[in-house]
Amino acid sequence: MTSRSAIVCLLATALAATACDRASPGNGQADANVVAAASSDEVTASAPKADKVDRSHKGEAAPDAAFTTADGKPATLAGYKGKPLLVNLWATWCAPCVKEMPTLNTAAEGLGDRVRVIAVSQDMEPAKATAFFAERKLPALALHLDPKLALSTAYAANLPTTILYGSDGKEIWRVTGDLDWTGAQAKGLLAEAG
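Quick caveat, the model's predicted, so the values are computed rather than measured. (Residues numbered from 1 in each chain as written. Predicted model: local features only at pLDDT ≥ 70, side-chain atom pairs only at ≥ 80, totals over all residues. Heavy atoms only, no water.)

Q: Any details on the sheet that holds strand β1 (residues 67-69)? Residues and values, ideally.
A: On the basis of which strands lie adjacent, the open sheet formed by 7 strands has the order β2-β1-β5-β4-β3-β6-β7 and mixed pairing. Looking at strand neighbours, the two that pair on one side only are β2 (74-75) and β7 (171-176), the edges of this open sheet. By the bridge criterion, 5 bridges tie strand β6 (residues 161-165) to β7 in an arrangement that is antiparallel. Across the sheet, residue L164 finds its bridge partner in β7, namely W173. Across the face of the sheet, helix α4 (residues 95-111) comes into contact with β3 (85-90), β4 (116-121) and β6 while running at roughly 165° to β3. Where helix α5 (residues 126-136) meets the sheet, it contacts β3, β4 and β5 (142-145), and its direction lies at approximately 170° from that of β5. (Pairing = 2+ DSSP bridges. Helix = DSSP H or I, 4+ residues; strand = E, 2+ residues; numbered from the N terminus. Contact = heavy atoms within 4.5 Å. Axes fitted to C-alpha atoms, helices over the stretch in contact; angles between N-to-C directions.)

Q: Describe the state of the cysteines, naming the residues involved and giving the relevant values.
A: Across all of its chains, the model carries 1 disulfide by this definition. Disulfide partner of C94: C97, at an S-S distance of 2.4 Å. Its S-S torsion of approximately 75° makes the covalent link between C94 and C97 right-handed. Among the residues examined, C97 registers a relative accessible area of 0% and is labelled buried. (Disulfide = S-S within 2.5 Å. Buried < 20%, exposed > 50% of the residue type's maximum accessible area, 1.4 Å probe, protein only.)

Spelled out as structure tokens, the structure:
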């Protein structure tokens, strides 16, 4: 094998190992209990680093992709215009998503009525996300369902991806990868909501 081929193989393996937007083999999704049982070292090793905030989409309107509320009512991001909105794209089979969810809930509690926080599941089986929320008790997060992956497709996003919109419905920033939403970096970012 030439050195160029070896490099290509190593890069492909590294990308496959860090991409959280790929479902596990079998039924297309990993069981949430398996993900939750993963050691913190495994979760940290597979998670993309959230050390770069992407501001290249600042000022763009939210995509008009349709999804639903947890009770099945149609929703779009435009429907939340008028108040800052934090959108988290996640899935039960995504270890970094599961890892950050408790800190996102805590941050949402602290934001209170100032910023609406929605967690839009990209699980193709909505019952998995609903069960996850019921089991984990995440009361400050509004669960939404996107089994057709409309939002992650519109954003061309890996999971988790979190996007902050201003009250005007325009994007402020996005973060790809898990983040401690109770940490100093996140607090600084969330302060930009106004």
